[in-house]
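# What the coordinates show
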Amino acid sequence: MRHRGEPEPMSAALPTSSREWHLVARPHGWPEAEDFALREAAVTAPAEGRILVRNKHFSVDPYMRGRMNDVKSYTPPFKLDHPMDGGAVGEVIASNAEGFAVGDHVLHGLGWREIADMPAKHAVKVDPDVAPLSAYLGVLGMTGLTAYALFDVASFKEGDAVFVSGAAGAVGSQVGQMAKIKGASRVIGSAYPTRRSSSSPRSTASTPRSTTRTGPSATSSRKPPPTASTSTSTTSAATTSKPRSPRSTCTAAPPSAA
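In short, a report on the structure. Note that the structure is predicted; figures quoted are calculated from it, not measured.

Calculation rules
Residues numbered from 1 in each chain as written. Predicted model: local features only at pLDDT ≥ 70, side-chain atom pairs only at ≥ 80, totals over all residues. Heavy atoms only, no water. Helix = DSSP H or I, 4+ residues; strand = E, 2+ residues; numbered from the N terminus. Buried < 20%, exposed > 50% of the residue type's maximum accessible area, 1.4 Å probe, protein only. Contact = heavy atoms within 4.5 Å. Core = buried A, V, L, I, M, F, W, Y, C linked by side-chain atoms within 4.5 Å. Phe/Tyr/Trp six-rings, centres within 6.5 Å; stacked < 30°, edge-to-face > 60°. Lys NZ or Arg CZ within 6 Å of the ring centre and 35° of its normal. Pairing = 2+ DSSP bridges. Axes fitted to C-alpha atoms, helices over the stretch in contact; angles between N-to-C directions.

A word on the overall build of the protein. Scanning the protein for helices and strands turns up 5 helices and 11 strands. Burial statistics for the protein: of 258 residues in total, 36% are counted as buried. Residue pairs at least 24 apart in sequence account for 62% of intrachain contacts in the protein once pairs closer than 6 positions are excluded.

This is the structure we're talking about:
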């Protein structure tokens, strides 16, 4: 008999190997298939205080392109010939840690692999009955928490007008929806390039529909920015303003850099 709080006994049917994506070369411009390798790794029973998780969903985020470069940033670069990492949700298949049992679902940071072996303290339980597991990588995860800055950083109040830059991105689309739900007088979103604002159904969260300017402004001789060869951050800048008569106006802050 297993007493409450004791680690889950080891499963007799653990897989012997797992596949994982490795970065094998630093991309220049767009990442190419030869910059990555899908490799097998041995799977063993978890050591004391650790759990094994079979990943069901993992997140592919724009910031990961920056981590493929060997430069100093707010998060370390991916190591060559090592498995990449990132947000993931999965099911515990073996546990040697108190508080975690086989069958639990957890959110953690070891994506890009089938089986993740990690300290239990780095995993957070999530409930598939509350929301789909993938939601914990989106609106109930980093994306939603970043968008929530509309309230505790931008100090949004009901009746404010809101402008969202990068409105077709993951964070921007959430900001627009949150603002409308909480009673914004007007929500305006911008997106670049044209294909994002015209084809993304998420752009309809803003009113009026997200628009794009691809040429230089009438008061500027600067050329439009070239098409980016690397991914950029989904983090959006949102600003609020009190509605004015006869119409509301607001100025966007520059988007935060990844």
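On to the nonpolar core, then. Within soluble globular proteins, side chains that are nonpolar tend to cluster in buried spots. Counting residues in hydrophobic clusters, the biggest one holds 12 residues: Ala147, Leu150, Phe156, Val162, Val164, Ala167, Val171, Val175, Met178, Ala179, Ala184 and Val187. Among the secondary structure elements, those contributing two or more residues to this core are strand 9 (161–164) and helix 4 (170–181). At 4 residues, the largest contribution of residues to this core is made by helix 4. Membership of the second largest hydrophobic core comes to 10 residues, among which are Ile51, Val53, Phe100 and Met118.

Looking at the element boundaries, Asp70 is found in the loop between helix 1 (63–67) and strand 4 (82–83). Each C-alpha atom, one on Asp70 and one on Leu80, is 9.6 Å from the other, the two residues being 10 residues apart in sequence. When residues no more than four places from it in sequence are discounted, the contact partners of Asp70 are Arg26 and Pro77.

Here the focus is the packing of aromatic side chains. Aromatic ring pairs are defined here through the distance separating the ring centres and the angle between the ring planes. Counted under the stated rule, the structure contains 3 aromatic pairs. Geometrically, the ring pair formed by Tyr148 and Phe151 is tilted, given 5.0 Å between the ring centres and 55 degrees between the ring planes. Tyr148 sits in the partly exposed class, given a relative accessible area of 46%. Ring plane angle 80 degrees and centroid distance 5.8 Å describe the contact between Phe151 and Phe156, whose orientation is recorded as edge-to-face. By relative accessible area, which is 21% here, Phe151 ends up partly exposed. The ring of Phe100 has Lys125 sitting right over it, with the charged end atom 5.4 Å from the ring centre.

Let us now look at the pairing of strand 3 (residues 50–58). In this sheet, strand 7 (residues 115–119) lies alongside strand 3 in antiparallel orientation, the contact comprising 5 bridges. Of the residues in strand 7, the one forming a bridge with Leu52 is Asp117. As judged from the 7 bridges shared by strand 3 and strand 5 (residues 88–95), these two strands associate in the antiparallel manner. Residue pairing in the sheet places Ile51 in a bridge with Ser95 of strand 5.

Next up on the list: the sheet that holds strand 7. Spatial ordering of the open sheet is given by 7-3-5-6-8, a layout of 5 strands whose pairing is antiparallel. A strand with exactly one partner marks an edge of an open sheet, and here the two such strands are strand 7 and strand 8 (124–126). Put simply, the sheet's adjacent strands are angled 45 degrees from each other on average, direction ignored. For strand 5 and strand 6 (residues 105–108), the ladder comprises 4 bridges, and the chain directions are antiparallel. When the bridges of strand 6 are listed, Gly90 appears paired with Val106.

Purely geometric stuff here, so don't read any function into it on its own.
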